[in-house]
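Descriptive analysis of the structure
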Amino acid sequence: MADMEAVAAAGRPKLYSYWRSSCSHRARIALNFKGVDYEYKAVNLLKGEQSDPEFVKLNPMKFAPALIDDDAVIGDSYAIVLYLEDKYPNPPLLPQDPKKKALNHQIANIVSSGIQPFQNITVVRFIEQKVGAGESVSWTQQQIERGFTAIENLIQLKGCAGKYATGDEVQLADVFLAPQIFSAIELTKVDMSNYPTLARLHAEYMAHPAFQAALPARQPDAPSST
C-alpha cells in the first residue's frame, strides 16, 4: 500500500460515488489499492442526483464517479484510475512490459466500452419502456456473456493468467474485471461455469482487502440490511 501519511498530507480527495455503480466500484478499488484516504460523497443515480447542476460541473456526462483531488476534477472512471496511477505510482497497476501493458488496457477497454455501457441504467430503462418489463435482463446477460467470452479467450490465448488476470500481481485489468464479474454474478445471474478463469479470478478478488473494502454493500450509501 502507498504511504498513507504522504497521501493524506496533500489533502483528502473526494470521490462522488454511487454504491451499486460498477464504474464507481472501479475507482474505489483503485483508491483502496493505492492506499489513498478519500472522502466518500454519495450520488444517488436512481433519484437523478447526477443531473444536479453542481454535479454536472464535475461530470458533464452525468455519470458517477467523479474525483476531486486538489484542483483536479476528473469525471470518468478510466481517467480516474490512470490519474491515480500517475500520482501514486506505488504499488503499480500497469506493468513495464509493453505487451502486458497493452493487454491490461485491452481487457479494461472491453469492460468499459464493450460491456458496461450496454447495461447501464439509461439503457436498461429504455429497453423496459420500449420493449417491455423484464426484457432488459436477457439483453444485459447477452452483452455480458459476449464480453466475458472475449476476455476468457483472450486470457487463455495469451497464457498470462497467474493469481490475477495478467500475472501474480493486481493490475489494471483486475480493477475493471472485478466489479463487472461481481455485478454479473450478483445482479444479472450469469452462469460463470462457462468462464472458469473469470470465476477463479472472482474468488481472488473477494479475498483481497482493497477489493473487499470497495464492495457495494460496504459503502456508506448502501441500503441497510437490517
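See above for the structure.
Attention here is on the structure that accompanies the text. Note that the structure is a prediction, hence the values are computed from the model and not measured.

A few words now on the packing of aromatic side chains. All told, the structure shown has 6 aromatic pairs when counted by the stated rule. The interplanar angle of 50 degrees and the centroid separation of 4.9 Å between the aromatic rings of Tyr 78 and Phe 176 together place this pair among those described as tilted. One end of the pair, Tyr 78, is in helix H4 (residues 77–87); the other, Phe 176, is in helix H8 (residues 172–186), with 98 residues separating them in the sequence. By relative accessible area, which is 0% here, Phe 176 ends up buried. With 6.3 Å between their ring centres and 5 degrees between their planes, Tyr 164 and Tyr 205 make a pair best called stacked. Residue Tyr 164 is located in the loop between helix H7 (135–158) and H8, and its partner Tyr 205 is located in helix H9 (residues 196–206); the two are separated by 41 residues in the primary sequence. Taken individually, Tyr 164 and Tyr 205 each receive the classification buried, so the pair is uniform in this respect. Taken together, the ring pairs in this structure connect Tyr 164, Tyr 205 and Phe 211 into an aromatic cluster.

Overall, mixed pairing links the 4 strands, which are arranged E2-E1-E3-E4 in an open sheet. Lying at the two open borders of the sheet, with one neighbouring strand each, are strand E2 (39–42) and strand E4 (72–74). Put simply, the sheet's adjacent strands are angled 15 degrees from each other on average, direction ignored. When strand E1 (residues 14–17) meets strand E3 (residues 66–69), the two strands line up antiparallel, connected through 3 bridges. Opposite Tyr 16, over in E3, you have Ala 66 as the bridge partner. Where helix H2 (residues 22–34) meets the sheet, its contacts fall on E1 and E2, and the angle it forms with E1 comes to roughly 155 degrees. Lying over the sheet, H4 contacts E3 and E4, oriented at roughly 30 degrees with respect to E3.

Rules of the game
- Residues numbered from 1 in each chain as written.
- Predicted model: local features only at pLDDT ≥ 70, side-chain atom pairs only at ≥ 80, totals over all residues.
- Heavy atoms only, no water.
- Phe/Tyr/Trp six-rings, centres within 6.5 Å; stacked < 30°, edge-to-face > 60°.
- Helix = DSSP H or I, 4+ residues; strand = E, 2+ residues; numbered from the N terminus.
- Buried < 20%, exposed > 50% of the residue type's maximum accessible area, 1.4 Å probe, protein only.
- Pairing = 2+ DSSP bridges.
- Axes fitted to C-alpha atoms, helices over the stretch in contact; angles between N-to-C directions.
- Contact = heavy atoms within 4.5 Å.

None of the figures reported here should be taken as evidence of function without further support.
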